[in-house]
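Per-entry structural report
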Amino acid sequence: MDILKIAVLAVSGVLLALMIKQTKPEFSVFISMSVCICIFIYLLSKLQTALGYIEQLQALVDIDGVYMDTILKMLGISYITQFVSDLCKDAGYSAVANQVELFARVSILFLSFPVLMALVQTIGEVL
């Protein structure tokens, strides 16, 4: 039950941050960020298992590895962006969070161009 571990860590971190916020408000942000980073690192260890399943799926279905790599990169950008954006917003830097989100959108757009070109070529060959 990994979710129980994460829930206890999150609630403990929030309670600790709330208690410290009264005396040292600047440290409460660091506690919050530390808890988030710990959860994210734990999540990364679990993603290795998911990548193994994706590789098995790719072996079962004849999918070009370039497309699967592109999709995984897009997912990675999305997850990391959400994490960093939330941290920035919690720290009170929403302008930085918005710029990170904008950069991620543009990065995903650039990653999608080869897939879009392959799709257009396939449609052109059919017609």
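Summary of the structure given here. (Residues numbered from 1 in each chain as written. Predicted model: local features only at pLDDT ≥ 70, side-chain atom pairs only at ≥ 80, totals over all residues. Heavy atoms only, no water.)

1. Section: the overall build of the chain
Selection criterion: Here a strand is any run of E in DSSP of at least two residues, a helix any run of H or I of at least four, and the numbering for each starts at the N terminus. As a reference, a globule follows 2.2 Å times the number of residues to the power 0.38, and the radius of gyration itself is taken over C-alpha atoms. Remark: exposure states derive from per-residue accessible area (1.4 Å probe, protein chains only) relative to the maximum for the residue type, with buried under 20%, exposed over 50%, and partly exposed in between. Residue contacts follow a heavy-atom distance rule, with two residues in contact if any of their heavy atoms lie within 4.5 Å. All accessible-area figures derive from a Shrake-Rupley calculation using a 1.4 Å probe, and residue coverage is judged against the displayed protein chains alone. The charged-residue count follows a simple rule in which Lys and Arg add positive charge and Asp and Glu add negative charge, with His and chain termini not counted at all. Where a charge lies is defined by one atom per residue type: Lys uses NZ, Arg uses CZ, Asp uses CG and Glu uses CD.
Regarding its fold elements, the chain presents four helices and zero strands. In sequence order, the secondary structure elements of the chain are arranged as α-α-α-α. For a compact globule of 127 residues, the expected C-alpha radius of gyration is about 14 Å, and the chain comes in at 20 Å, more than 25% above that figure. Dimensions of the chain, computed from the C-alpha atoms along their principal axes, are close to 70 × 35 × 15 Å. In the chain, buried positions account for 16% of the 127 residues. Here the analysis covers contacts within the chain between residues at least 6 apart in sequence; of these, 53% occur between residues at least 24 apart. As presented, the chain carries roughly 9,500 Å² of accessible surface, and 72% of it is formed by carbon and sulfur atoms. A gap of 14 Å separates the mean positions of the 7 positive and 10 negative side-chain charges of the chain.

2. What about helix H3 (residues 65-90)?
Rules: Expected span of a helix, by definition, is 1.5 Å for each gap between consecutive residues, and there is one gap fewer than residues.
Here H3 spans 37 Å end to end across 26 residues, near enough to the 38 Å set by a 1.5 Å rise per residue. In the core, the buried residues of H3 are packed alongside helix H2 (25-60) and helix H4 (94-126). One or two positions beyond H3, positive phi appears at Gly92, with a value near 95 degrees.

3. Quick look at the side chain of Ser28
Where we set the bar: Any pair of nitrogen or oxygen atoms within 3.5 Å is treated as a polar contact; in protein, a donor-acceptor pairing is required on top of that, and neighbouring residues in sequence qualify only through side-chain atoms on both sides.
For Ser28, the location among the structural elements is in helix H2. Engagement of the side chain of Ser28 in a polar contact is seen with the backbone oxygen of Pro25, the distance being 2.7 Å. Leave out the neighbours within four places in its chain, and Ser28 touches Ala17, Ile20 and Lys21.

4. A short note on the packing of helix H1 (residues 2-21) against H2
Definition in use: Throughout, an axis means a line fitted to C-alpha atoms (over the contacting stretch in the case of helices), and angles, computed between N-to-C directions, take values from 0 to 180 degrees. By definition in this entry, angles of less than 35 degrees are roughly parallel, angles greater than 145 are roughly antiparallel, angles of 65 to 115 are roughly perpendicular, and the rest are oblique. Under the grouping applied here, Gly and all other residues not named as nonpolar or charged are polar, the nonpolar ones being Ala, Val, Leu, Ile, Met, Phe, Trp, Tyr, Cys and Pro and the charged ones Asp, Glu, Lys and Arg.
Across the interface, H1 lies against H2 with an axial gap of 7 Å and an inter-helix angle of 170 degrees. By the angle class used here, H1 and H2 are roughly antiparallel. Residue-level inspection shows Asp2, Lys5, Ile6, Leu9, Ala10, Gly13, Leu16, Ala17, Ile20 and Lys21 of H1 in contact with H2, the latter providing Pro25, Phe27, Ser28, Ile31, Val35, Cys38, Ile39, Tyr42 and Lys46. Its residues assigned to classes, the contact of H1 with H2 comprises 13 nonpolar, two polar and four charged.

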